[in-house]
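# Structural overview
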Amino acid sequence: MKVDITVPELAESITEAVIGEWLKKPGDWIQEGEQLVDIETDKVILEITAPGSGELASIRKQTNEQVQSNEVIAVLDTSKKGSKASSAPAKQSKDKAEPQETASPAAGEAVSESHAPPVATAPAKTSPAVRKLAADHGIDIRSIRGTGKGGRVTKQDVEAHTHTPKAEADPVPKRVAAPQAVPSAKGARKEKRLPMTNLRKTIAKRLVSAQQQSAMLTTFNEANMSNIIDLRQKYKQDFEKTHGVKLGFMSFFIKACIEALREFPIINASLDGEDIVYHDYFDVGVAVSTQRGLIVPVIRDADQLTFAEIESRIADFASRARDNKVTVEELTGGTFTITNGGIFGSMMSTPIINPPQSAILGMHSIQPRPVVQNDEIGIAPMMYLALSYDHRTIDGKEAVQFLVRVKDTIEDPARLLLQA
């Protein structure tokens, strides 16, 4: 019986999906649930697994080809018996593979004389980007021992695998001391060209589009973080013991933004053609950095969640984002976004709106700075806040007042309890 292997239903917001490296080839015996290939979209990486056990009859879509929802990418023949397909062919393929492992290296390749090349085993589980990096270095991804979660091969594993052999085989001659180091004509200056991933291409398109198609403006303010720091320091151990998750700053900012969004609903609105769409719900996107780029998973109905529930959602997103396990649905939608460049040391920046949203709040690093308090100069932990907004929808007055409301709530977190 022939079974079609198809692309899963993609969200309407996804315009492109590209086939990654196939982990199997036609004629291979496949176990049910075994991973066959990754499909990389502009948001996430989807793992395509075998719907049943059988022989991979054919591959319809090759690596780097674009595909759409429900499109057939391969055919599985489930009528083949596992006992025949998994014994004899496996032995033959192994016999054929052995001479290739001992074949002479191609020109320019470095081979250690004291160690034979590792024998390729089962395909390593990793992302298309990492497999592309390995291919660029001429490395069989199956020969690398993964140190990531579940044995996943990471970018660091590939880079570590490339270091020693080539350096030993092509040593750089020692240079005589000279007033100026003149690069040699051969091998001293190197360049590496890699294609952009679909996620990076999509990020580039959206950032350019956001700046070209919106009247984006940014207003700044600063918040004294003393009270929140003291509150967090006082209760963080009890909070983690009770809820099993750490108390961070993001939950405070999400709660503060929701209170400000209630007061200024235009900030939570979006522009659809010539219509302004007001949302009576609060789906807050939280920017999360991954090896593939920035993604923005959405916390649905954030106004109905407790501090602990918000922190748990954020921790879960961050964990799954590292393993490309965030779903398309979790990245779709959102009425307002918060991004925290402070975790990377950013002191001030102008975040770019995430269309079709109308505004985004940027948090930054906390720095001790001199401030005037009660007519006296003192030192306080201060954070710059930046609100970028679409001036077509939001007036400057509303943007400034919204940011002041967030600042006041952060500086006096008791407002969150009293809703004052």
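Within any chain, residue numbers begin from 1 and follow the written order of that chain's sequence. Local features in a predicted model are, by the rule used here, given only for residues with pLDDT of at least 70; side-chain atom pairs are given and counted only at 80 or more, and totals for whole chains, interfaces and linings are based on all residues. To obtain the side-chain values, all non-hydrogen atoms of the structure were used and water was disregarded.

## Examining the confidence of the model for the chain
Note that predicted coordinates carrying low pLDDT should not be read in detail. Our working definition: Per residue, pLDDT measures the predictor's confidence, with a range of 0 to 100. It only takes one pair of heavy atoms within 4.5 Å for two residues to be counted as in contact.
Counting all residues, the mean pLDDT for the chain is 80, and 79% of those residues have values of 70 or more. When the criterion is pLDDT under 50, residues 83–124 qualifies, and its contacts beyond four places in sequence or with other chains add up to 23 contacts. Here residues 164–174 is a poorly scored stretch, pLDDT under 50, and it has four contacts once near neighbours within four places are set aside; other chains count.

## Considering the pairing of strand β16 (residues 359–363)
Put simply, the test is: Think of it in three bands: residues with accessible area under 20% of the maximum for their type are buried, residues over 50% are exposed, and the middle band is partly exposed, with areas taken using a 1.4 Å probe on protein chains only. The way it works is that DSSP assigns letters per residue, a run of H or I at least four long becomes a helix, a run of E at least two long becomes a strand, and they are numbered from the N terminus. Paired strands, as defined in this entry, are two strands with at least two bridges between them according to DSSP.
In terms of burial, β16 is largely enclosed, as five of its five residues are buried. Burial along β16 is two-sided: the face carrying Ala359, Leu361 and Met363 and the face carrying Ile360 and Gly362 are both buried. Examined bridge by bridge, strand β15 (residues 336–340) and β16 share four bridges and lie parallel to one another. Paired with isoleucine 338 across the two strands is leucine 361, which belongs to β16.

## Comments concerning helix α9 (residues 307–322)
We apply this condition: Here the expected length of a helix is defined as 1.5 Å per residue gap, with one fewer gap than residues.
For α9, built from 16 residues, the straight-helix expectation of 22 Å at 1.5 Å per residue is met to within 8% by its first-to-last C-alpha distance of 23 Å. When we look at burial in α9, the residues that qualify are Ala308, Ile310, Glu311, Ile314, Phe317, Arg320 and Ala321. Those residues of α9 hidden inside the fold are in contact with α7 (226–243), α8 (250–263), β12 (288–290), β13 (293–295), β14 (298–299) and α10 (328–331). Looking one or two places after α9, you find asparagine 324, whose phi comes out positive at around 55°.

## Considerations on the packing of α8 against α9
Test applied: Lines fitted to the C-alpha atoms define the axes, with helices restricted to the stretch that makes contact. Angles between their N-to-C directions range from 0 to 180 degrees. Handedness of a helix crossing follows the sense of rotation of the near helix relative to the far helix, less than a right angle counterclockwise being left-handed and clockwise being right-handed. Polar here means any residue other than Ala, Val, Leu, Ile, Met, Phe, Trp, Tyr, Cys and Pro, which are nonpolar, and Asp, Glu, Lys and Arg, which are charged; Gly is therefore polar.
The geometry of α8 relative to α9 is characterised by a closest axis approach of 9 Å and an angle of 120° between their N-to-C directions. Note that α8 runs across α9; the crossing there is right-handed. Along the contact surface, α8 presents Met250, Ser251, Phe252, Ile254 and Lys255, while α9 presents Phe307, Ile310, Glu311 and Ile314. Along the lines of polarity and charge, the residues of the contact of α8 with α9 split into six nonpolar, one polar and two charged.

## Section: the nonpolar core
As a reminder, the rule being used: Definition used in this section: a nonpolar core is a set of buried Ala, Val, Leu, Ile, Met, Phe, Trp, Tyr and Cys residues joined via side-chain atoms within 4.5 Å.
Core analysis: the biggest nonpolar cluster contains 45 residues, and Ile254, Phe336 and Phe402 have the highest contact counts within it. Examining the composition of this core, we find that nine residues originate from one element, α8, more than from any other. Core analysis: the second largest hydrophobic core is formed by 26 residues, Ile19, Trp22, Ile48 and Leu56 among them.

## Details of the sheet that holds strand β2 (residues 17–19)
Taken in spatial order, the three strands make up an open sheet running β2-β4-β5, and their pairing is antiparallel. The strands lining the two open edges of the sheet, one partner per strand, are β2 and β5 (45–49). Sheet twist, expressed as the mean angle between neighbouring strand axes with direction ignored, is 30°. Pairing between β2 and strand β4 (residues 35–41): three bridges, direction antiparallel. Note that in β4 the partner of valine 18 across the bridge is glutamate 40.

## Let's talk about the side chain of aspartate 38
Heads up, the condition is: Under this definition, polar contacts are N or O atom pairs within 3.5 Å; protein pairs additionally need one hydrogen-donor-capable and one acceptor-capable atom, and for neighbouring residues in sequence, both atoms have to be side-chain atoms.
Position of aspartate 38 relative to the elements: it lies in strand β4. At a separation of 2.6 Å, a polar atom in the side chain of aspartate 38 contacts the side chain of glutamine 35.

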